[in-house]
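The primary structure of each chain is shown beneath.
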Amino acid sequence: MDSAERADLVVARLKDRGEVGVVELAEATGHSEMTIRRDLDRLAAQGVLRRVRGGAVSLVPRGQEPPFGLRERQAADAKRRIAAEVGEMIPAGSAVVLDSGTTAVEIARLLNGRPVTVMPLSLQAAQALEPSAETRVLMPGGEVRAGELNLHGPLAEAALAAVRFDVAVLGCCGLSASDGLTAHDLADVAVKRAAMRSARRTVAATDSTKIGHVTMGHVCPVGDLDALVTDTGADEEALAEIRAAGVAVATV
């Protein structure tokens, strides 16, 4: 296992049991206890866990998303493939509102330097976009959410209402045919809805771990989406149900 795979294992066990041990992780991964201790120290610095004697306990409450820094490493290859596919769906001259989240950052990197107008809804995505003669970057106002650095609140929603986009590219924390597109943070729900209202088309871009998953904040029914781009790890039955709702689904 590489470091990202070991981190995924730690997070999975913390979600199941709330605690992990150094010895058990060393046995499960085939790495030394010293390596595991360093892994746990890195995750502790990211706010995922608290180190205790012989292991660690979770600091991420059940039902909440892990920190951005940890999610950024998870399914990284799949997110790059998703970004490339989304990029193919955005022709030159398009106006795009780009959601917050780790997949959105990959999409921002791909759009950078292209002849498009982009309104990023997070500081991470904004940082990945370099304004130029080709790429026009519009920044909304709003409050910056700690840790995530996404923009939300009345100012962000007002900025979205003042512009009309060709496409809204949304991330999510969960997506299913029965419960639609969902997010952990309720303030983020309001911003996603505002982005959809200002766009002619809505594309959901999310890795397969979110398919079939449901979180607290309901953004929209699945039928309100025009397209979904995800990776080949997604459950085929869940994707078939989403297609049946009229959504064009691409797997990469």
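Heads up: the structure comes first, above all this text.
It should be emphasised that the depicted structure is a prediction, and the values quoted were computed from it without experimental measurement.

So, how was this worked out
Counting restarts for each chain: residues are numbered from 1 in the order of the written sequence. Residues qualify for local features only when their pLDDT is at least 70, as the model is predicted, and side-chain atom pairs are given and counted only at 80 or more; totals for whole chains, interfaces and linings, by contrast, use all residues. Computation of side-chain values covers all heavy atoms of the structure but excludes hydrogens and water. To qualify as a helix, a DSSP run of H or I must reach at least 4 residues; to qualify as a strand, a run of E must reach at least 2; elements of each kind are numbered from the N terminus. Computation of the radius of gyration draws on C-alpha atoms, with the globule rule given as 2.2 Å multiplied by the number of residues to the power 0.38. Each residue is assigned to one of three classes by its accessible area relative to the maximum for its type, calculated with a 1.4 Å probe on protein chains only: buried under 20%, partly exposed between the two thresholds, exposed over 50%. Contacts are assigned to residue pairs that have any heavy atoms within 4.5 Å of one another. The Shrake-Rupley method, run with a 1.4 Å probe, gives the accessible areas here. Residue values count only the displayed protein chains as cover. To estimate the expected span of a helix, subtract one from its residue number and multiply by 1.5 Å. Criterion used throughout: strands pair if DSSP finds at least two bridges between them. Note on handedness: a clockwise path from strand one over the helix to strand two, with the strands aimed away from the viewer, defines a right-handed crossover. Between N-to-C directions, angles cover 0 to 180 degrees, with each direction set by a line fitted to C-alpha atoms, over the stretch in contact for helices. Nonpolar side chains (Val, Leu, Ile, Met, Phe, Trp, Tyr) are joined into patches within 5 Å and like charges within 9 Å, using only residues with over 30% relative accessible area and no salt bridge. Each salt bridge in this description consists of a side-chain nitrogen of Lys or Arg and a carboxyl oxygen of Asp or Glu lying within 4 Å of one another. Joining through side-chain atoms within 4.5 Å is the link that ties buried Ala, Val, Leu, Ile, Met, Phe, Trp, Tyr and Cys residues into a set, and such a set is a nonpolar core.

Caption draft 1: Region of the structure containing the overall build of the chain. For the chain, the helix and strand inventory stands at 10 helices and 15 strands. At 19 Å, the chain has a C-alpha radius of gyration in line with the 18 Å of a compact globule built from 252 residues. If one aligns the C-alpha atoms of the chain with their principal axes, the spans along those axes are about 55 × 40 × 30 Å. Counting the 252 residues in the chain, one finds 49% classified as buried. Of all intrachain contacts in the chain linking residues separated by at least 6 positions in sequence, the fraction that spans at least 24 positions is 55%. With the model as given, the accessible surface of the chain reaches about 11,500 Å², and the carbon-plus-sulfur share is 50%.

Caption draft 2: Quick look at helix H1 (residues 3-17). Across its 15 residues, H1 extends 21 Å between first and last C-alpha, which sits within 8% of the 21 Å expected from 1.5 Å per residue. Taken residue by residue, H1 has Arg6, Ala7, Leu9, Val10, Val11 and Leu14 as its buried positions. Taken from the residues just after H1, Gly18 is the one with a positive phi, measuring 85°.

Caption draft 3: Focus on the pairing of strand S15 (residues 248-251). For strand S14 (residues 227-230) and S15, the ladder comprises four bridges, and the chain directions are parallel. Among the inter-strand pairings, Val229 is bridged to a residue of S15, identified as Ala250. Handedness of the crossover joining S14 and S15 through helix H10 (residues 236-244): right-handed.

Caption draft 4: Representation of the sheet that holds strand S3 (residues 55-58) in the model. With antiparallel pairing, three strands are arranged side by side in an open sheet as S1-S3-S2. Unpaired on one side and paired on the other, strand S1 (19-21) and strand S2 (49-52) mark the two borders of the sheet. Averaged over neighbouring strand pairs, the angle between their axes works out to 20° when direction is ignored. Of the pairings in the sheet, the one linking S1 to S3 comprises three bridges and is antiparallel in character. Opposite Glu19, over in S3, you have Val57 as the bridge partner.

Caption draft 5: Inspection of a nonpolar patch on the surface at higher detail. Among the surface-exposed residues, Leu123, Met139, Val144 and Leu149 lie close enough to one another that they form a single nonpolar patch of about 290 Å² accessible area. Within the secondary structure, Met139 sits in the loop between strand S6 (136-137) and strand S7 (143-144). Given the relative accessible area of 42%, Met139 is considered partly exposed.

Caption draft 6: A look at the nonpolar core. In this structure, Leu160, Leu175, Leu181, Ile211, Leu225, Leu228 and Ile242 are the most contacted members of the largest nonpolar core, which totals 33 residues. When residues of this core are traced back to their parent elements, those giving at least two are strand S4 (95-98), helix H8 (154-161), strand S9 (165-170), strand S11 (180-183), helix H9 (186-197), strand S12 (199-205), strand S13 (217-220) and H10. The element that contributes the greatest number of residues to this core is H9, accounting for five residues. Here Leu228 is in contact with Leu175, Ala204, Thr206, Ile211, Leu239, Ile242, Val247, Ala248, Val249 and Ala250, once residues within four sequence places are set aside. Grouped together as the second largest cluster of nonpolar side chains are 22 residues, Val96, Val116, Val229 and Ala250 included.

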